[in-house]
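The primary structure of each chain is shown beneath.
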Amino acid sequence: QKEVEQNSGPLSVPEGAIASLNCTYSDRGSQSFFWYRQYSGKSPELIMFIYSNGDKEDGRFTAQLNKASQYVSLLIRDSQPSDSATYLCAVSSGSARQLTFGSGTQLTVLP
Amino acid sequence: NAGVTQTPKFQVLKTGQSMTLQCAQDMNHNSMYWYRQDPGMGLRLIYYSASEGTTDKGEVPNGYNVSRLNKREFSLRLESAAPSQTSVYFCASSGPGLTHFGPGTRLLVL
């Protein structure tokens with residue numbers, strides 16, 4: 001059984017702070033790693049993906065991957081109240097690159 | 001370009017009733033998926049289709065069937081609904097390597 005584990009949270013940070021979200025996965029053969037943001041009552045929205053070890057930056061978001069430790073993280077700099085949502089870590093594998101999701105971390109950014 | 005569309009948006013069923021959830025994508029993706037999401041949980045894979053004409057079981061397939069009607073459409077059928085199938089159902093498609101989700105169907109089984 002492939003597993004993806006996330007800090008269940010909830011996580012609260014003040015506006016302007018850095019939010020750090022963490023994820024570990026069990027399948028060493030996993031190739032691709034994703035972070036989705038999900039607002040309440042909405043569908044997941046892809047915000048970051050990473051394939052190689054190291055850091056990948058996109059605006060205020062940085063994804064970090066360490067395959068040796070089977071660890072993926074997401075940093076959100078200068079957090080805004082609009083970042084308040086549930087963040088889902090997902091790992092793809094298999095012939096159809098199907099995703100296995102963690103249970104999500106609920107982030108609240110306090111004004 | 002509508003992306004991934006799902007119908008209906010919301011449905012109430014009585015235990016034992018059947019229904020089909022419809023999904024279509026206009027991105028010419030080969031792979032399509034059905035996930036369910038229960039309160040406070042991540043998404044769990046029900047069935048997937050790597051390409052037109054193929055379907056495979058995911059993590060939680062019991063009580064469901066699927067049909068990949070053509071490259072665009074992938075339907076999910078509940079033959080005899082049970083209260084445990086109360087959930088939000090998301091259809092998704094993938095290519096190249098990125099998965100896009102539909103808006104979801106909220107299903108309540110009484």
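Residue positions are counted from 1 within each chain, in the order its sequence is given. Labels are handed out in written order, letters beginning with A for the chains and numbers beginning with 1 for the ligands. It should be noted that, the model being predicted, local features are given only for residues of pLDDT at least 70 and side-chain atom pairs only at 80 or more, the latter also being counted only at that level, while totals for whole chains, interfaces and linings use all residues. Note that water and hydrogens are dropped before the side-chain values are worked out from all heavy atoms of the structure.

Draft legend 1. Quick look at the confidence of the model for chain A. When pLDDT is averaged along chain A, the result is 93; 100% of the residues meet or exceed 70. The predictor's confidence in any single residue is recorded as pLDDT, a number from 0 to 100. Counting from the N terminus, the helices are DSSP H or I runs at least four residues long and the strands are E runs at least two residues long. The secondary-structure element of chain A with the lowest mean pLDDT is strand E10 (residues 98-101) of chain A, recorded at 93, while strand E8 (residues 71-76) of chain A shows the highest, at 97.

Draft legend 2. Representation of the sheet that holds strand E7 (residues 61-66) of chain A in the model. Residues and elements named next belong to chain A. Judged by pairing direction, the sheet is antiparallel, and its five strands sit side by side in the order E1-E3-E8-E7-E6 without closing on themselves. Single-partner strands in this sheet number two, and they are strand E1 (4-6) and strand E6 (54-58). Averaged over all adjacent pairs, the angle separating strand axes in this sheet is 20 degrees, with direction ignored. When DSSP finds two or more bridges between two strands, those strands count as paired. Relative to E8, strand E3 (residues 19-25) runs antiparallel, the two sharing six bridges. Counted as the bridge partner of Asn 22 is Ser 73 from E8. The angle between two axes is taken between their N-to-C directions and runs from 0 to 180 degrees, where each axis is a line fitted to C-alpha atoms and a helix contributes only its stretch in contact.

Draft legend 3. Molecular detail of the state of the cysteines. The disulfide criterion is simple: two cysteine sulfur atoms within 2.5 Å. Evaluated as defined, the whole model comprises two disulfides over all chains. A sulfur-sulfur separation of 2.0 Å characterises the disulfide bridge that pairs Cys23(A) with Cys89(A). Given an S-S torsion of about -75 degrees, the disulfide between Cys23(A) and Cys89(A) has left-handed geometry. With Cys23(A) in strand E3 and Cys89(A) in strand E9 (residues 85-93), this residue pair connects regions lying 66 residues apart in the sequence. Judged by its relative accessible area of 1%, Cys23(A) falls in the buried class. Here Cys23(B) is linked by a disulfide to Cys91(B), with a sulfur-sulfur distance of 1.8 Å. Measuring handedness by torsion sign, the sulfur bridge of Cys23(B) and Cys91(B) sits at about -70 degrees and is left-handed. In this scheme, a residue with accessible area under 20% of its type's maximum is buried, one over 50% is exposed, and one in between is partly exposed, where area comes from a 1.4 Å probe on protein chains only.

Draft legend 4. Representation of the packing of aromatic side chains in the model. Stacked, tilted and edge-to-face are the three classes assigned to paired rings of Phe, Tyr and Trp, where Trp is represented by its six-membered ring and a pair needs centres within 6.5 Å; plane angles under 30 degrees give stacked, over 60 edge-to-face, the rest tilted. All told, the structure shown has ten aromatic pairs over all chains when counted by the stated rule. Relative to Phe101(B), the ring of Tyr36(A) lies with its centre 5.5 Å away and its plane at 90 degrees, an arrangement referred to as edge-to-face. Separated into two different chains, Tyr36(A) in strand E4 (residues 32-38) and Phe101(B) in strand E10 (residues 99-101) make up a pair that spans both. Note on accessibility: Tyr36(A) and Phe101(B) belong to one class, buried. Ring geometry for Phe101(A) and Tyr35(B): centres 5.6 Å apart, planes at 90 degrees, overall edge-to-face. Here Phe101(A) is found in strand E10, whereas its partner Tyr35(B) is found in strand E4 (residues 31-37) on a different chain. Site record: aromatic cluster; members linked through ring pairs are Tyr36(A), Phe101(A), Tyr33(B), Tyr35(B), Phe90(B) and Phe101(B). Directly above the ring of Phe49(A) sits Lys56(A), whose terminal nitrogen or CZ lies 3.4 Å from the centroid. Sitting over the face of the ring of Phe61(A), Arg60(A) holds its NZ or CZ atom 5.5 Å from the ring centroid. Look at NZ for Lys and CZ for Arg. If either is within 6 Å of the ring centre and within 35 degrees of the ring normal, a charge sits over the ring.

Draft legend 5. Local environment of the pairing of E8(A). Residue and element names in this part refer to chain A. Inspection of the sheet shows E7 paired to E8 by six bridges, in the antiparallel sense. By the bridge assignment, Leu 65 is partnered in E8 with Val 72. Here E7 hands over to E8 after four residues, with Gln 70 in that stretch at a positive phi of 55 degrees.

Draft legend 6. Molecular detail of the environment of Thr24(A). All names here are of chain A. Here Thr 24 is to be found in strand E3. Using a relative accessible area of 35% as the deciding quantity, one classes Thr 24 as partly exposed. With 43 residues separating them along the chain, Thr 24 and Lys 67 place their C-alpha atoms 9.7 Å apart. Contact between two residues is taken to exist if any of their heavy atoms lie within 4.5 Å; hydrogens are not considered. Among residues more than four places away in sequence, those in contact with Thr 24 are Glu 3, Val 4, Glu 5, Gln 70 and Tyr 71.

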